[in-house]
Amino acid sequence: MNLDINVSDKDSTAVVTLAGEIDAYTAPQLKEQLLPLTKESGKVVEVNLENVNYMDSTGLGVFVSALKSTKENNSELKLVQLQSRVMRLFEITGLTDIINIDSTVRGGS
Amino acid sequence: MNTLNLDLSNYRDLLKQYIRTQDETALYQAEQFSKLSMQQNISPEEIINVHIQALQDLYPELPEGIESSMNFLLEAMISYGLAYQEFQSLREQQLALKSEISVAASMQQTLLTTVKPEVEGLEIGAISIPANQMNGDYHHFVQNDDNKLGIAIADVIGKGIPAALAMSMIKYSMDSIPENRMDPSNILESLNRVVERNVDPSMFITMFYGLYDPGDEKFYYSSAGHEPGFYYNAAEDKFEEIEARGVVLGVTRDTKYRQYERKVNPGDMIIMLTDGVTECRQGDRFIEPEEVLDVIKANMHLPAQKLVEQVYKHFERLQDFHLRDDFTLIILRKEV
């Protein structure tokens, strides 16, 4: 499975729209695109996960390093429209307490 | 059969024999010749060179065009020769790496080996199977002087060798925590500080730490973002998820971990696992946690160690013997 990454970067907000699976194979591409965005001070990086139907712990690692980078660079990370299976991963790992996650859960398998 | 010599006269004789007789044995010997050449690191362009010289010996009146064309071919083969040499040296390097990794893996095995302790009135089953050569799961038993049993089960996110190294770090930090500070929340808080300072930003660790006290027959536990385990209540014959909230190790510096406790009654079971167990996939289908419980339930009559082995065998079969993630399952059962 692949991961499509679409970045629309306008002024102070970057919207990253993902579709596919985030796993050990696709996580490096995501990291490569996501991390530079978080390095800009004041930037709000919004990641739309509506069409991500699978994510493993490697994917979580990418969001954890993005979160750390926003803390260092004074930017902001926001995850929106997670499918329930993906949401569960963030809940189990307690990351829902420290990452700004829009709790409106989309359907999903 | 004549012994093959990698020399010009031998090649010339073979070639001559073949041109005259179109004999298959000469062709076979040509094949042997090329195999022997590979063993001796003789490059393809050298063989062509031998061919050119043999042709010149056999046909002194060789048309000039043919001779030039052979030189042309020789030039064209040089890159192949270089690529082949590179391939050879890569193959040697790969062998060396492989043996180094297996040394590292067996070292890890030795370092992280944990002995399943004997605790009176408690039955313990534990299984941990790595998906790759190095295990990213970690579990450890500690038995204190006052007979309390500590159990750590962890999953290092980030795979392969860096993950394995992080695990050794965790083990040494845990060994250095003084015995009077072995409360689950305490342990997770200290480990969190260690991991937060030391680990690459995309790596983190989930851990569940439990402490069984035979004195008050209670189980104390805290979780750092670890896959929830299950509690089997024997009196009601029911499984429930062990709820314990807490963020994974290594993300924020001063995380506090809540500690929970519950009384363990005879026949009750505490089931701890890593997501290799619940993230099993059969083709495109995920194995739901309920299925794990079904398998445990069906095999509950077995001794704890046999039980965990049976669960592993069940999922191993489902996954066509291919494990996507490390698999660790620990079951404690209070004897009746």
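Our subject is the structure listed above.
Residues numbered from 1 in each chain as written. Chains lettered and ligands numbered in written order. Predicted model: local features only at pLDDT ≥ 70, side-chain atom pairs only at ≥ 80, totals over all residues. Heavy atoms only, no water.

*Asks:* What should I look at first to understand the sheet that holds strand 1 (residues 122-129) of chain B in this one?
*Replies:* Residue and element names in this part refer to chain B. Across the sheet, which stays open at both edges, the five strands sit in the order 1-12-9-6-7 with antiparallel pairing between neighbours. Taken across any chain shown, the strands that pair with only one partner, and hence form the sheet edges, are strand 1 and strand 7 (238-241). Recorded for the sheet is a direction-independent mean angle of 15 degrees between the axes of neighbouring strands. Judged from the three bridges that link them, strand 6 (residues 230-233) and strand 9 (residues 269-273) form a sheet pairing that is antiparallel. Looking at the pairing, Y231 lines up with I270 of strand 9. Of the strands in this sheet, strand 1, strand 9 and strand 12 (327-334) touch helix 9 (residues 304-318), which is tilted by about 30 degrees from strand 1. (Pairing = 2+ DSSP bridges. Helix = DSSP H or I, 4+ residues; strand = E, 2+ residues; numbered from the N terminus. Axes fitted to C-alpha atoms, helices over the stretch in contact; angles between N-to-C directions. Contact = heavy atoms within 4.5 Å.)

*Asks:* Can you help me understand helix 9 of chain B in this one?
*Replies:* For the α-helix, the turn length of 3.6 residues means that residues three or four positions removed from each other point alike. All names here are of chain B. Over its 15 residues, helix 9 runs 22 Å from end to end, which matches the ideal 21 Å to within 8%, given 1.5 Å per residue. The complete set of buried residues in helix 9 reads A304, L307, V308, V311, Y312 and F315. Axial view of helix 9: buried residues confined to an arc of 135 degrees, hence all on one face. Looking at the buried side of helix 9, the elements it contacts are strand 1, strand 9, helix 8 (289-298) and strand 12. (Expected span 1.5 Å × (residues − 1). Buried < 20%, exposed > 50% of the residue type's maximum accessible area, 1.4 Å probe, protein only. Arc of directions from axis to C-beta.)

*Asks:* What am I meant to see in the side chain of T328 of chain B here?
*Replies:* Residue and element names in this part refer to chain B. Positionally, T328 belongs in strand 12. Classification of T328 by relative accessible area gives buried; the value is 0%. Separated by 2.8 Å, the side chains of T328 and S128 make a polar contact. (Polar contact = N/O pair within 3.5 Å; in protein donor to acceptor, adjacent residues only side chain to side chain.)

*Asks:* In this structure, what is going on with the nonpolar core? I would like to understand it.
*Replies:* Nonpolar side chains tend to gather and get buried jointly when the protein is soluble and globular. Formed by 60 residues in total, the largest nonpolar core has its most connected members in L18, I22, V47, F63, L79 and F90 of chain A. Counting residues per element, this core draws most heavily on helix 2 (residues 57-73) of chain A, which supplies six residues. Non-local contacts of L18 of chain A, meaning those with residues more than four positions away in its chain, are made with L3, D4, I5, L30, V47, N48, L49, N51, V52 and F63 of chain A. F141, I153, Y212 and M272 of chain B belong to the second largest nonpolar core, which has 21 residues in total. (Core = buried A, V, L, I, M, F, W, Y, C linked by side-chain atoms within 4.5 Å.)

*Asks:* Teacher, can you tell me more about the packing of helix 1 (residues 8-21) of chain B against helix 2 (residues 24-39) of chain B here?
*Replies:* Any two packed helices are characterised by how steeply their axes cross, that is the angle between the axes, and by the distance between the axes. Residues and elements named next belong to chain B. Contact geometry for helix 1 and helix 2: axes closest at 9 Å, N-to-C directions at 150 degrees. In terms of orientation, helix 1 lies roughly antiparallel with respect to helix 2. In terms of crossing hand, the pair formed by helix 1 and helix 2 is left-handed. On helix 2, the residues touching N10, Y11, L14, Q17 and Y18 of helix 1 are T25, A26, L27, Q29, A30 and F33. (Parallel < 35°, antiparallel > 145°, perpendicular 65-115°, else oblique. Left-handed = near helix turned anticlockwise from the far one by under 90°.)

*Asks:* Got a minute to help me understand the environment of D213 of chain B in this structure?
*Replies:* Residue and element names in this part refer to chain B. The residue D213 is located in strand 4 (residues 204-213) in this model. Given the relative accessible area of 13%, D213 is considered buried. Contacts of D213, omitting those with residues within four sequence positions, involve K148, K218 and Y220. A polar contact of 2.7 Å, which involves the side chain of D213, links it to the backbone nitrogen of G215.

*Asks:* Whenever I open this one, the interface of chain B and chain A confuses me. Can you help?
*Replies:* Size of an interface, as often reported, equals the accessible area lost when the parts are brought together. Opposite the 23 residues of chain B that make contact, chain A presents 21 residues. When the two sides are added together, the surface that chain B and chain A hide from each other amounts to roughly 1,900 Å², 54% of it contributed by carbon and sulfur. Run the count over chain B and chain A and you get two salt bridges. Across the chain B-chain A interface, the total number found is four residue pairs in polar contact (both at pLDDT 80 or more). Class assignment of the residues belonging to the side of chain B that touches chain A gives a composition of nine nonpolar, seven polar and seven charged. (Buried area = accessible area lost by both parts, 1.4 Å probe. Salt bridge = Lys/Arg side-chain N within 4 Å of Asp/Glu carboxyl O. Nonpolar A, V, L, I, M, F, W, Y, C, P; charged D, E, K, R; others polar.)

Keep in mind these values describe shape, not function.
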